[in-house]
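Here are the chains, one letter per residue:
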Amino acid sequence: MTEQPETVSLYQFFQRFPNEESARQYFENNRWAGEVSCPHCGSLSVALVKNMKPMPYRCRDCRQHFSVRTGTVLAESRLPLHKWLMAIYMMTTARKGIPSTQMARELGITQKSAWFLAQRIRETWMVISEDDMGPDVQVDETYIGGKEANKHANKRLHQGRGATGKTAVIGILETNGRVRAEPIGKLDKTHLQRFVRANAKEGATVTTDSFRSHTGLSDAYTHKTVNHSVGEYVRDQAHTNGIESFWALLKRGHYGIFHSMSSKHLHRYVNEFSFRHNTKQAGTMGFIEATVARTVGKRLTYKELINA
Ligand SMILES: [Zn+2]
């Protein structure tokens, strides 16, 4: 039996974080748990310098000044921590994602800052390396984009299963568990099976549809197929419903909210949906806590983002 994750309403959220000071305390506790350490040298010999607003701490060993933002994805941001926290809250609670225009209105900032803010929060969610999934996984592929994407059709996109100007996305889902998904250059056997091998433990049961690029998986896995083209959705208990529900939500986010996820940033949006899926049992504060913890050691400049 799974317990209902604890959700925090907007009203409760504002009671808990009414101002900048409460947000600062939250970020500091999350990072240091009451024992401030210097992000430059790791020393615990730290002085609180009165009236040094942007850099309130000074290290007695390396003599550098710092704040809770130093060495995190917030380092170069001038937005209040309270707005960062509110933005993370909004992105937690919006199952289909939140457009930057709406975030801008709610936070009283420009759409450009809201977009950059959201991209830096997404940056914290990017997966670095993870363990294998299994023992029972579903693998499926889909296309994101369409009319909007046609205008800037990526010329290097190799066409796979009948989809012009769209970007192929591959995903793997543990039955009743985590999901991982990413845009994939080409939906051929080599690329698909490289993705499966990178994510699923050898010997796992892998369910796919009967797309021919999946043939050959049985060398390392127990491979089950469902033939969607003949209207078959379940065969011997095997199905790909979990990953298909995930695609459905991602597409609702794409068509309804983001309108045109540019193919340049698509991996960030796909990862956002995966992260939300994978943390849904953590509840609102668990999600926020995990996100704030992941801000440390990350950096993303506006220039990097637009030139990527
Ligand atoms: Zn130091």
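Treat the numbers as computed from the prediction; the structure is a model and nothing was measured.

What counts and how
Residues numbered from 1 in each chain as written. Predicted model: local features only at pLDDT ≥ 70, side-chain atom pairs only at ≥ 80, totals over all residues. Core = buried A, V, L, I, M, F, W, Y, C linked by C-beta atoms within 7 Å. Buried ≥ 20, exposed ≤ 12 C-beta atoms within 10 Å, placed from the backbone. Helix = DSSP H or I, 4+ residues; strand = E, 2+ residues; numbered from the N terminus. Contact = placed C-beta atoms within 7 Å. Expected span 1.5 Å × (residues − 1). Pairing = 2+ DSSP bridges. pLDDT = per-residue confidence, 0-100. Axes fitted to C-alpha atoms, helices over the stretch in contact; angles between N-to-C directions. Domains from an automatic or database assignment. Nonpolar A, V, L, I, M, F, W, Y, C, P; charged D, E, K, R; others polar.

Chemist: Can you explain the nonpolar core? Please cite residues and give values.
Modeler: Core analysis: the largest hydrophobic core is formed by 28 residues, its most contacted members being V137, I172, V196, A200, V206 and V270. Secondary-structure elements contributing two or more residues to this core are β4 (136-145), β5 (166-174), β6 (179-183), α7 (189-199), α8 (241-258) and α9 (266-278). With near-sequence residues (within four places) excluded, V206 lies in contact with V137, V139, V196, A200, L217, Y221, T222 and H223. One finds Y26, L85, A118 and F287 within the second-largest nonpolar core, a separate group that totals 23 residues.

Chemist: Which residues make up helix α5 (residues 111-125), and what are the values?
Modeler: With 15 residues, α5 should cover 21 Å at 1.5 Å per step; its first-to-last C-alpha distance of 21 Å lies within 8% of that length. Regarding α5, the residues found buried are A114, F116, L117, A118, Q119, R120, I121, R122, T124 and W125.

Chemist: Outline the sheet that holds strand β3 (residues 65-66), listing residues and values.
Modeler: Taken together, three strands build an open sheet; the order of strands is β1-β2-β3 and the sheet is antiparallel. The open sheet is flanked by β1 (46-48) and β3, the only strands paired with a single partner. As paired strands, β1 and strand β2 (residues 57-59) are joined by three bridges and run antiparallel to one another. Each residue of the ladder has a partner; that of V46, found in β2, is C59.

Chemist: Describe in detail the pairing of strand β7 (residues 205-209), supporting the description with residues and values.
Modeler: Pairing between β4 and β7: three bridges, direction parallel. Counterpart to Q138 in the pairing with β7 is T207.

Chemist: Mind laying out the confidence of the model for the protein chain, listing which residues take part and the relevant values?
Modeler: Averaged over the protein chain, the pLDDT score is 87; the fraction of residues at 70 or greater is 90%. Across the protein chain, helix α2 (residues 20-32) holds the top mean pLDDT of 97, while helix α6 (residues 147-151) sits lowest at 44. Contacts of residues 148-162 to residues separated by more than four positions or lying in other chains number 20 contacts, the stretch itself having pLDDT below 50.

Chemist: Would you mind going over the sheet that holds β6 in detail, with residue names and values included?
Modeler: Pairing is mixed in the open sheet, where five strands are placed in the order β6-β5-β4-β7-β8. Two strands close off the open sheet at either side, each with one partner strand: β6 and β8 (222-226). Strand after strand, the sheet turns through a mean of 25° between neighbouring axes, direction not considered. Pairing analysis gives five bridges linking β7 to β8, with the strands arranged parallel. Residue V206 lies in a different strand from β8, and its bridge partner there is H223. Its contacts with the sheet put α7 on β4, β5, β6 and β7, and the angle it makes with β5 is roughly 30°.

Chemist: Account for the domain arrangement of the protein chain, with residues named and values stated.
Modeler: Split by domain assignment, the protein chain resolves into domain 1 (1-18 + 75-125 + 280-308) and domain 2 (136-263). Each side of the interface is counted separately: domain 1 has four residues, and domain 2 has six residues. A class-by-class count of the residues in the side of domain 1 that touches domain 2 yields one nonpolar, one polar and two charged.

Chemist: How would you summarise helix α3 (residues 81-93) if you had to cite specific residues and measurements?
Modeler: Here α3 is 13 residues long and its end C-alpha atoms lie 19 Å apart, about the 18 Å a rise of 1.5 Å per residue gives. Against α1 (10-16), α2, α4 (100-107), α5 and α10 (283-293) lie the buried residues of α3.

Chemist: Quick one: what's the story with the pairing of β5, residue by residue and with numbers?
Modeler: Counting buried residues along β5, nine of its nine residues qualify, which places the element largely inside the surrounding structure. Side chains K166, A168, I170, I172 and E174 project from β5 onto one buried face, and the interleaved T167, V169, G171 and L173 project onto a second face that is buried too. Two elements, β5 and β6, share five bridges in a ladder whose sense is antiparallel. Note on β6: the bridge partner recorded for V169 is P183. Linking two consecutive strands that pair antiparallel, namely β5 and β6, is a turn of four residues; a positive phi of about 60° is found at N176 within it.

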